[in-house]
Every structure is written in C-alpha cells, then in structure tokens.
Amino acid sequence: MKRLFFALMTLCVGMTAQAQTIHLDQKFWDGYELYTVKEIRMGKYFYMTTSQDNELTLEKVDGKQGEYTIIPSRQAEECPFDAQYGWRVQHITQEGQNFLAIRKPNGDVMWVMNQTTENEEKCEYLQQMMKQEEPWNAVNSILLNHNYLVDMVATKDLRLLRNKILAYHGYRFQSKDLQEYFSKIAWYKPVDDNSTIKLDIIEQTNIQLIKSEEVARKD
C-alpha cells in the first residue's frame, strides 16, 4: 500500500504539461510549505507565497529556458531555504519528474520544490507517507527533500546513503571503507568501468541533495 502512495506522489509531480515555464496559480511543495504563483510581472518576475506568508520571487534568465534566479521579495527579510539571492533555480521536466531545483554556486542542488496539483493538507499527508519509507529503500526511487533528510537520516548515515545510489548500479569505489561496507551486501556487483553507469534524474538530484546536507551539517 505504501508503494502505491509513493507512486501517486510521483505521478502528481509528473503529470503536468512539459513546458519549462512557470505559470500563474502553479503550486510547488518543498516538504514544509506549499508555494503558489500569485503574480507574474512582465513575463519575467514570478512571485510566490505560502499560507504562512513566506515569499519566493524568481527572475527568468534571458535566453535560457527553465532557468531562473532568486531575487529579493517585496516583504521577505531574508532569502528562503538558507539560500542566497542570485542563486540559480532550474525548472526540471525530465523522466516524468517536474520540480524546481535550487542550486548552489557549484551547481549542486540544495533544495527541491515538487510541482503539484494538490492542496497543502494533501501535500502534508503525502509527506508523512513518504517518511514511512526507509531511506535505504527510498533513495534510488523517490525524489527526497530537505524535510525528509532532516527527520529520517542521521548525520553519520548521510555519506553511506549517498553512495548507496552509486552502489546500486555497481559503482567501483576507491575508498576502502566503502568497498568493505558494500562488498558485504548481496546485491552489490562492481562493474568494470564506472563510466558505463547512468543515473536517472531522481538519483542525480538525491546525490546532490544529500551532499548539500552533509556540508550544511558540518557547518
């Protein structure tokens, strides 16, 4: 039954139109709050708010489809998501996924916002259902978010969880501790050439999210 809910959550994200442009009244769930696009100015500035009066304003990057930057909102005193103004936001519509990815200057995703047609109550419910899935099982198949990582993954487990994504595909590790750890798992079969490994958009994003969380907790 749990698997069904996770499938529905993914479906909710991916069933919208594949245009990489944000539209009025679209909604994005970040694991904590539901952001709704309330205003679009000059076809370039996208103003979003939540029921808690938090704000996010994006400016479209000229000449780059699906690319935005975070700019100061009219009433927000600080940048949301522990990000900084000027950081890049990418509207990803790939492999059935539809979400906003907030990226650090090095390109790593540090926050995600799933596009959804659900209301806030349903999003909160689905978030709780998501947390019933163990991280070890979820990390290769469910697009995680900051809320999930904070509540479900201990700091000592972040590195192992991140590398589990690679191990699932047979990545041949250089680090001895990772070699020893995954060699004891029956399904781990190292490949001859790591360059043959292809990760899907969920796996790529989850690796970056976990890496960003590792850095944040060290800081």
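Residues numbered from 1 in each chain as written. Predicted model: local features only at pLDDT ≥ 70, side-chain atom pairs only at ≥ 80, totals over all residues. Heavy atoms only, no water.

Trainee: So what exactly am I meant to see when it comes to the pairing of strand β2 (residues 34-41) here?
Mentor: Residues in a regular strand project their side chains so that they alternate between the two faces of the sheet. With three bridges joining them, strand β1 (residues 27-29) and β2 adopt antiparallel strand pairing. Bridged to Lys-27 within β2 is Thr-36. Bridge analysis of β2 against strand β3 (residues 45-49) gives five bridges, and the strand direction is antiparallel. Paired with Glu-39 across the two strands is Tyr-47, which belongs to β3. Counting the residues in the hairpin turn of β2 and β3 gives three residues, including Met-42, whose phi is positive at 60°. (Pairing = 2+ DSSP bridges. Helix = DSSP H or I, 4+ residues; strand = E, 2+ residues; numbered from the N terminus.)

Trainee: Sorry if this is basic, but what is going on with the packing of helix α5 (residues 158-168) against helix α7 (residues 201-218) here?
Mentor: Each packed pair of helices is defined by two parameters, the angle between the axes and the distance between the axes. In the contact formed by α5 and α7, the axes pass within 9 Å of each other and the chain directions differ by 160°. Taken together, the axes of α5 and α7 are roughly antiparallel relative to one another. Seen along the crossing, α5 lies across α7 with a hand that is left-handed. Residue-level contacts link Leu-158, Arg-159, Leu-161, Arg-162, Ile-165, Leu-166 and Tyr-168 of α5 to Glu-203, Asn-206, Ile-207, Ile-210, Lys-211, Glu-213, Glu-214 and Arg-217 of α7. (Axes fitted to C-alpha atoms, helices over the stretch in contact; angles between N-to-C directions. Parallel < 35°, antiparallel > 145°, perpendicular 65-115°, else oblique. Left-handed = near helix turned anticlockwise from the far one by under 90°. Contact = heavy atoms within 4.5 Å.)

Trainee: Explain the nonpolar core here, please?
Mentor: Within soluble globular proteins, side chains that are nonpolar tend to cluster in buried spots. Residues Phe-99, Val-139, Leu-144, Leu-149, Phe-173, Phe-182 and Ile-210 are the most contacted members of the largest nonpolar core, which totals 29 residues. Counting only elements with at least two residues in this core, the list comes to β7 (97-103), β8 (109-116), α4 (146-152), α5, α6 (176-183) and α7. Val-139 has contacts with Leu-144, Leu-161, Lys-164, Ile-165, Asn-206 and Ile-210, leaving out every residue within four places of it along the chain. Of all hydrophobic cores here, the second largest spans 20 residues; its members include Met-48, Phe-81, Val-89 and Ile-102. (Core = buried A, V, L, I, M, F, W, Y, C linked by side-chain atoms within 4.5 Å. Buried < 20%, exposed > 50% of the residue type's maximum accessible area, 1.4 Å probe, protein only.)

Trainee: Just checking my understanding: could you explain the pattern of salt bridges for this structure?
Mentor: Think of it this way: side chains of opposite charge can pair up when their charged atoms draw near. One pass over the full model with this rule turns up 12 salt bridges. The residue Asp-157 makes a salt bridge to Lys-156 at a minimum N-O spacing of 3.2 Å. Assessed through its relative accessible area of 30%, Asp-157 is described here as partly exposed. Linking Glu-214 and Arg-162 is a salt bridge whose minimum nitrogen-to-oxygen distance equals 2.5 Å. Separated by 52 residues along the polypeptide, Glu-214 in helix α7 and Arg-162 in helix α5 bring together distant segments of the chain. The pair Glu-214 / Arg-162 is uniform in exposure class, with both members buried. One salt-bridge network, held together by shared partners, links Glu-39, Arg-41 and Arg-74. (Salt bridge = Lys/Arg side-chain N within 4 Å of Asp/Glu carboxyl O.)

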